[in-house]
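Descriptive structure summary
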Amino acid sequence: MSCEKKVPFTQADIDKITQNNPTPFYIYDEQAIRENARRFKKAFDWAPMFRNYFAVKATPNPAILEILKEEGFGADCSSLPELLMAQKVGLPGDYIMFTSNDTPAEEYKKAREIEAIINLDDISHIDFLEKNAGLPEIVCFRYNPGPLRKGNVLIGNPEEAKYGFTRDQLFEGYKILLEKGVKRFGLHTMIASNELNADYFIETAKMIFELAVEIKNKLGIALEFVNFGGGIGIPYKPEQTPVDLEYVGKGIQAKYNEYIIPNGLDPIRIYMECGRVILGPYGYLVTKVLHEKNTYKRYAGLDACMANLMRPALYGSYHHITVMGKENQPCDEKYDVTGSLCENNDKFAIDRMLPKLDIGDTLVIHDSGAHGYAMGFNYNGKLRSAEFLMTANHEFKMIRRAETIDDYFATLNF
Ligand SMILES: *Cc1c(COP(=O)(O)O)cnc(C)c1O
């Protein structure tokens, strides 16, 4: 029963890649990414100027940003290197959202220089931005509804979250901006992560639309855009179902018709910053079984470890595993699937039922396309892996080489 998720490449493809590039490595499926991006956009094609700013942190590779740019997406950045990457890919300023927090001055300077849309995380950053980089023509605030809203498991309750303005600060902040001569305004929120409940996003849209009306009534500001952030989840487990994007789109449209249009705020641009739902299902971590060990439990030791994919160790997340060539064999053997870190939580799966494994078997770890490679690290001297793009004509293009020991030593004095 472990074979419900399909792998879009074959063992022969892997064998070809491993002639020159050892496992582990990531593979991203370009065609699937494009089709998904189009589906996503279509769900919001009713909205005036809908745009998803892909959260660069999810999959920070220019080849990926390039594909998404071609599909009409922007980039959501939160650091200087991410801004530089978005700029290098050739995205114009209004296609770059800068949603950061605890932000250094030079990052605001860079964001201003490339005319990215700046989304402030705190009321004190109005002055900080003005002093260090000057105020832009358009400014966005990140709203944290605090006790007015329940968050979800991954991100926690809004009240406990470090992000955003309180409700009072929001009104105060816009007033300050008005006095300083700012003319164009946006409103952002993001209070969920990996959320599979479609109604949650419709509820968030309603909250923001109501707020937009209140901002207009109290301050006379007609917001230019609202940004619902990211956080749409993906079905990591085979029995979970994807978020029905058409349902979310229609639900938000109904709220738009109910709140925005009758209050004279139409057109207002709808923005999002989804990362996971755009890339997650279309990236695969490919790894091989290095050892089998039988002690108090049965272990399959891989050549990948949590330095390549941290989510299972960090959040206890489920990632489905396919054993290449054994898709149709019964999953009647129980394993803890581990990496080699000197950390007992370095496990991709605990008590996972799999087909009987052999040394050298290729394992594909699913749904690793977002917050996978990106969260990698060098603990225990582990080197980051290569990334490959499987193109529409089924070629495997290296879009990032693997780190070498020289890379690892490059910052040290020997
Ligand atoms: C992480 C993040 C996102 C993307 O979240 P996903 O869960 O990948 O959709 C979007 N916006 C901000 C501000 C974020 O921090």
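To be clear, the structure that these remarks concern was listed above.
Read on for an overview of the structure.

What counts as what
Residues numbered from 1 in each chain as written. Predicted model: local features only at pLDDT ≥ 70, side-chain atom pairs only at ≥ 80, totals over all residues. Heavy atoms only, no water. Helix = DSSP H or I, 4+ residues; strand = E, 2+ residues; numbered from the N terminus. Rg over C-alpha atoms; globule rule 2.2 N^0.38 Å. Contact = heavy atoms within 4.5 Å. Lys, Arg positive; Asp, Glu negative; His and termini not counted. Charge placed at Lys NZ, Arg CZ, Asp CG, Glu CD. Axes fitted to C-alpha atoms, helices over the stretch in contact; angles between N-to-C directions. Parallel < 35°, antiparallel > 145°, perpendicular 65-115°, else oblique. Left-handed = near helix turned anticlockwise from the far one by under 90°. Nonpolar A, V, L, I, M, F, W, Y, C, P; charged D, E, K, R; others polar. Near = heavy atom within 4 Å. Polar contact = N/O pair within 3.5 Å; in protein donor to acceptor, adjacent residues only side chain to side chain. Expected span 1.5 Å × (residues − 1). Buried < 20%, exposed > 50% of the residue type's maximum accessible area, 1.4 Å probe, protein only.

For the protein chain, the helix and strand inventory stands at twelve helices and 17 strands. At 23 Å, the protein chain has a C-alpha radius of gyration in line with the 22 Å of a compact globule built from 414 residues. Taking the intrachain contacts of the protein chain between residues at least 6 apart in sequence as the baseline, contacts between residues at least 24 apart amount to 70%. Counting 48 positive and 57 negative side-chain charges, the protein chain places the centres of these two groups 1 Å from one another.

The subject of this paragraph is the packing of helix 5 (residues 105-113) against helix 6 (residues 125-132). The description of two packed helices rests on the angle between their axes and on the distance between the axes. Where helix 5 meets helix 6, the axes come as close as 9 Å, and the angle between the chain directions of the two elements is 70°. The pairing of helix 5 with helix 6 is recorded here as roughly perpendicular in orientation. In this structure, the crossing between helix 5 and helix 6 has a hand that is right-handed. Here Ala105, Tyr108, Lys109 and Arg112 of helix 5 lie close against helix 6, whose contacting residues are His125, Phe128, Leu129 and Asn132. Of the residues in the contact of helix 5 with helix 6, the class split is four nonpolar, two polar and two charged.

Let's shift gears to the site of the ligand. The environment of the ligand is made up of 13 residues, and the closest members are Lys57, Gly231, Glu273, Arg276 and His371. Contact distances for the ligand include 2.6 Å between an oxygen atom and a side-chain N or O atom of Lys57. Contact between the ligand and Arg276: an oxygen atom at 2.8 Å from a main-chain N or O atom of the residue. Split by residue class, the shell around the ligand holds three nonpolar, five polar and five charged.

In this section: the packing of helix 2 (residues 30-42) against helix 3 (residues 62-70). Running from N to C, helix 2 and helix 3 cross one another at 40°; their axes reach a closest spacing of 10 Å. Taken together, the axes of helix 2 and helix 3 lie oblique to each other. When you trace helix 2 past helix 3, the crossing you get is right-handed. Taking contact as the criterion, the partners of Glu30, Ile33, Arg34 and Ala37 in helix 2 are, on helix 3, Ile64, Ile67, Leu68 and Glu70. Residues of the contact of helix 2 with helix 3, tallied by class, amount to five nonpolar, no polar and three charged.

The next subject is helix 8 (residues 198-219). Along its 22 residues, helix 8 runs 32 Å from first to last C-alpha, staying within 8% of the 32 Å computed at 1.5 Å per residue. Where helix 8 begins, the side chain of Asn197 points an oxygen toward the backbone nitrogen of Asp199, at a separation of 3.0 Å. At the C-terminal side of helix 8, Gly220 shows a positive phi close to 70°.

Let's shift gears to the side chain of Thr103. In this structure, Thr103 sits in the loop between strand 4 (96-99) and helix 5. Classification of Thr103 by relative accessible area gives buried; the value is 6%. A polar contact is formed between the side chain of Thr103 and the side chain of Tyr108, at a distance of 3.5 Å. Ignoring any residue separated from it by four or fewer positions in sequence, one finds Thr103 in contact with Phe98, Tyr108, His125 and Phe128.

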